[in-house]
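Close look at the chain arrangement
Read off the chains here:
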Amino acid sequence: AEVNVAAAREADPNLSVDMADRERERSAHAPCLLAVLARIDEESASVPVHEQWMSVGAAVQNLLLAAEAEGFAAMIVSGRKVASRSYRLAFGLQTHEHVAGMIAIGTPLPGQRPKEALAVADLFSDWDGPA
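Residues numbered from 1 in each chain as written. Predicted model: local features only at pLDDT ≥ 70, side-chain atom pairs only at ≥ 80, totals over all residues. Heavy atoms only, no water.

Side note on the pattern of salt bridges
Scanning the entire structure with this criterion turns up five salt bridges. Note that arginine 24 and aspartate 21 form a salt bridge whose closest N and O atoms lie 3.0 Å from each other. With arginine 24 and aspartate 21 both in helix 2 (residues 17–26), this residue pair falls three residues apart, about one helical turn. A residue is classified by how much of its surface remains accessible, and arginine 24, at 29% relative accessible area, is partly exposed. We classify aspartate 21 as partly exposed; its relative accessible area is 40%. One salt bridge connects glutamate 97 with arginine 39, and the closest N-O pair in it is separated by 2.8 Å. Taken as a pair, glutamate 97 in strand 3 (residues 97–106) and arginine 39 in strand 1 (residues 32–39) lie far apart in primary sequence, 58 residues in all. With relative accessibility at 11%, the residue glutamate 97 sits in the buried group. Each of Glu2, Asp21 and Arg24 takes part in one network of salt bridges that share partners. (Salt bridge = Lys/Arg side-chain N within 4 Å of Asp/Glu carboxyl O. Helix = DSSP H or I, 4+ residues; strand = E, 2+ residues; numbered from the N terminus. Buried < 20%, exposed > 50% of the residue type's maximum accessible area, 1.4 Å probe, protein only.)

Topic: the sheet that holds strand 2 (residues 73–77)
The three strands are arranged 1-3-2 in an open sheet whose pairing can be described as antiparallel. Across the chains shown, the open sheet's two edge strands, defined by having one partner strand only, are strand 1 and strand 2. Each adjacent strand pair in this sheet contributes to an overall mean axis angle of 25 degrees, direction not counted. Judged from the eight bridges that link them, strand 1 and strand 3 form a sheet pairing that is antiparallel. Bridge pairing in strand 3 places leucine 37 opposite valine 99. Its contacts with the sheet put helix 3 (residues 49–69) on strand 1, strand 2 and strand 3, and the angle it makes with strand 3 is roughly 10 degrees. (Pairing = 2+ DSSP bridges. Axes fitted to C-alpha atoms, helices over the stretch in contact; angles between N-to-C directions. Contact = heavy atoms within 4.5 Å.)

Focus on the nonpolar core
Within the largest apolar cluster, ten residues are counted, these being Val36, Ala38, Ile40, Val56, Val60, Leu64, Ala67, Ala74, Ile103 and Ile105. Here this core takes four residues from helix 3, the largest share from any one element. Among all residues touching alanine 74, those that are not within four sequence positions of it are Leu64, Ala67, Glu68, Ala104 and Ile105. In terms of nonpolar packing, the next biggest core, distinct from the first, is built from six residues, Val82, Tyr87, Leu93 and Val99 among them. (Core = buried A, V, L, I, M, F, W, Y, C linked by side-chain atoms within 4.5 Å.)

Thoughts on the layout of surface pockets
Reported here for the largest pocket is a volume of approximately 990 Å³. Every residue lining the largest pocket is counted, 30 residues in all, and those nearest its centre are Ala30, Ala74, Met75, Val77 and Ala104. When residues of the lining of the largest pocket are traced back to their parent elements, those giving at least two are helix 1 (2–11), strand 2 and strand 3. Here the second largest pocket is characterised by a volume of approximately 210 Å³. In the lining of the second largest pocket, the residues fall into five nonpolar, three polar and seven charged. (1 Å grid on protein atoms, 1.4 Å probe; cavity = no way out; pocket = protein on both sides within 12 Å on 5 of 7 lines; lining within 4 Å. Points joined across faces, edges and corners; volume = space filled by probe spheres on them. Nonpolar A, V, L, I, M, F, W, Y, C, P; charged D, E, K, R; others polar.)

This is the structure we're talking about:
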C-alpha cells in the first residue's frame, strides 16, 4: 500500500492526504494482487525486445484467462506508477527489469455477468488485398 502512495507522490509531490488514503485503499481492493515483473534482455541476438514484451503480454493473458476460467474476476493495471522509482526500489529491480503491471484477482461483484460475445462478423472482415 505504501509503495502506491510513494509512487503517487513521485507523480504529484503535492499529493493530498485524501488522495494518499485513496491510493492505500486501491492497493487493498483485490484479495490477490500479483506483480508482473519482466526481465528484458536488450542485448539478445536471438530474441528481439519486441518479442520479449509480446511474451510478457501472452503470459499475462494466459494468467487472466486461467483466473476467469476458475470463476474469478481478473484484470491488469499499470500506468505511470509501475514505472516509478518507488516500485523499482520496492521490487529490487535491476536496469533490465520492469514492473509490467499488477494483476488483481478476486471474486466477481454480485450480479456481475460476463460480457456478451460479439458476433464474428463484427470482429473480422475479408481482405481482398491492397486498395
